[in-house]
Amino acid sequence: MAKVISYANQKGGVGKSTLCIQTAFYLSLKKKKKVLVIDMDGQGNTSSRLAPRVIDEYGSFETVLTGTKTADLFQDNLEKIEVIHCPTGMDLIHTPKNDPALFEMEAVPLDKAMNPAKNLGALIEEYDYVLIDCPPSLGRKLVAALVMSTHVVCPVKLSGFAVDGVEGLLGTIIGIREAYNSQLDILGIIINDMDRSVNHDRSLKELEDSVPDLLFKNKIMHRPPLDTAITEGIPVWELRYGHVAAKEVELVLNELIGKVG
């Protein structure tokens, strides 16, 4: 049975896409697993980093996006799903950059948020892992992702509002579990992009006091090579100067996969 993992937080800029992409690289390239990535974020950043690229007439890289879009999954009866086969081994259901069709899904009736799970039912079972990059807000797309997920992980960037954000997100996840998906397992909270500042130490202490059982043991510190790797659409361990960041990411991903089982 496929493991379906959502990367969720109701705040942007916390590392959902980064962790989703690096997990896809890790499982596909290092663990030789069959992986499907679903880009549920209307910005389309994950799609732009994983999809094939060609050089246009001006010498710039252009992303090639074909087949089924994530917005199509919200149709009542989607007869065929065509995935993108990415150069680094995983498959992708993509979202074009700032896709208006996917943003408009927030206005559809709530029952439409059940359609992606229905339409993807048979396809999901062809994979070992399905990774879903969720949007940074509570709405139909996040509901759709959590309804079809077996697990959810919450990347967090420490700030003065980290605890408030986590409490709100956990409330949303518990509500989805009670109403739509009783099998949804909360893997926990990944601290990402942490520095040694007093503010980050204070926020970490608040989280440790508030939700100690949910915090991942391993953390990812502020590492510029990780940003570079995501910008270039490559695994962080391929950067010659990225070995420290790569080690931290791998420890977190090993812990994540261990929790999934």
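Residues numbered from 1 in each chain as written. Predicted model: local features only at pLDDT ≥ 70, side-chain atom pairs only at ≥ 80, totals over all residues. Heavy atoms only, no water.

S.K.: Describe in detail the overall build of the chain, supporting the description with residues and values.
M.R.: Helix and strand counts for the chain stand at 9 helices and 9 strands. On C-alpha atoms alone, the chain measures out to a radius of gyration of 18 Å, which is about the 18 Å that the 2.2 N^0.38 rule sets for 261 residues. With respect to the principal axes defined by its C-alpha atoms, the chain has extents near 50 × 50 × 30 Å. A burial count over the chain gives 53% of its 261 residues as buried. Split by element, the accessible area of the chain, about 11900 Å² in all, is 50% carbon and sulfur. (Helix = DSSP H or I, 4+ residues; strand = E, 2+ residues; numbered from the N terminus. Rg over C-alpha atoms; globule rule 2.2 N^0.38 Å. Buried < 20%, exposed > 50% of the residue type's maximum accessible area, 1.4 Å probe, protein only. Areas by Shrake-Rupley, 256 points an atom, 1.4 Å probe, with all protein chains shown as cover.)

S.K.: How would you sum up helix α5 (residues 140-148)? Please name residues and give values.
M.R.: When you tally the buried positions in α5, you get 8 out of 9 residues, the bulk of the element. Among all positions of α5, only Lys 141, Leu 142, Val 143, Ala 144, Ala 145, Leu 146, Val 147 and Met 148 are buried.

S.K.: Lay out the packing of helix α1 (residues 16-30) against helix α9 (residues 243-260) with the relevant residues and their values.
M.R.: Interhelical geometry of α1 versus α9 gives an angle of 80 degrees and a closest axis separation of 11 Å. Taken together, α1 and α9 sit at an angle that is classed as roughly perpendicular. Contacts between α1 and α9 pair Gln 22, Thr 23, Tyr 26, Leu 27 and Lys 30 from the former with Val 249, Glu 250, Leu 253, Asn 254 and Ile 257 from the latter. The class makeup of the residues in the contact of α1 with α9 is 5 nonpolar, 3 polar and 2 charged. (Axes fitted to C-alpha atoms, helices over the stretch in contact; angles between N-to-C directions. Parallel < 35°, antiparallel > 145°, perpendicular 65-115°, else oblique. Contact = heavy atoms within 4.5 Å. Nonpolar A, V, L, I, M, F, W, Y, C, P; charged D, E, K, R; others polar.)

S.K.: Describe unusual backbone geometry, naming the residues involved and giving the relevant values.
M.R.: Despite not being glycine, Lys 32 has its phi angle at roughly 55 degrees, a positive value. By the element assignment, Lys 32 lies in the loop between α1 and β2 (35-39). One non-glycine residue with positive phi stands out, namely Asn 98, at about 50 degrees.

S.K.: Talk me through the packing of helix α4 (residues 115-124) against α5; I want residue IDs and the actual numbers.
M.R.: Contact geometry of α4 with α5 gives a least axis separation of 10 Å together with a crossing angle of 40 degrees. It follows from the interaxial angle that α4 and α5 lie oblique. Between α4 and α5 lies a crossing of right-handed hand. Where α4 abuts α5, its residues Pro 116, Ala 117, Leu 120 and Ile 124 lie against Ala 144, Val 147 and Met 148. A per-class count over the contact of α4 with α5 returns 7 nonpolar, no polar and no charged. (Left-handed = near helix turned anticlockwise from the far one by under 90°.)

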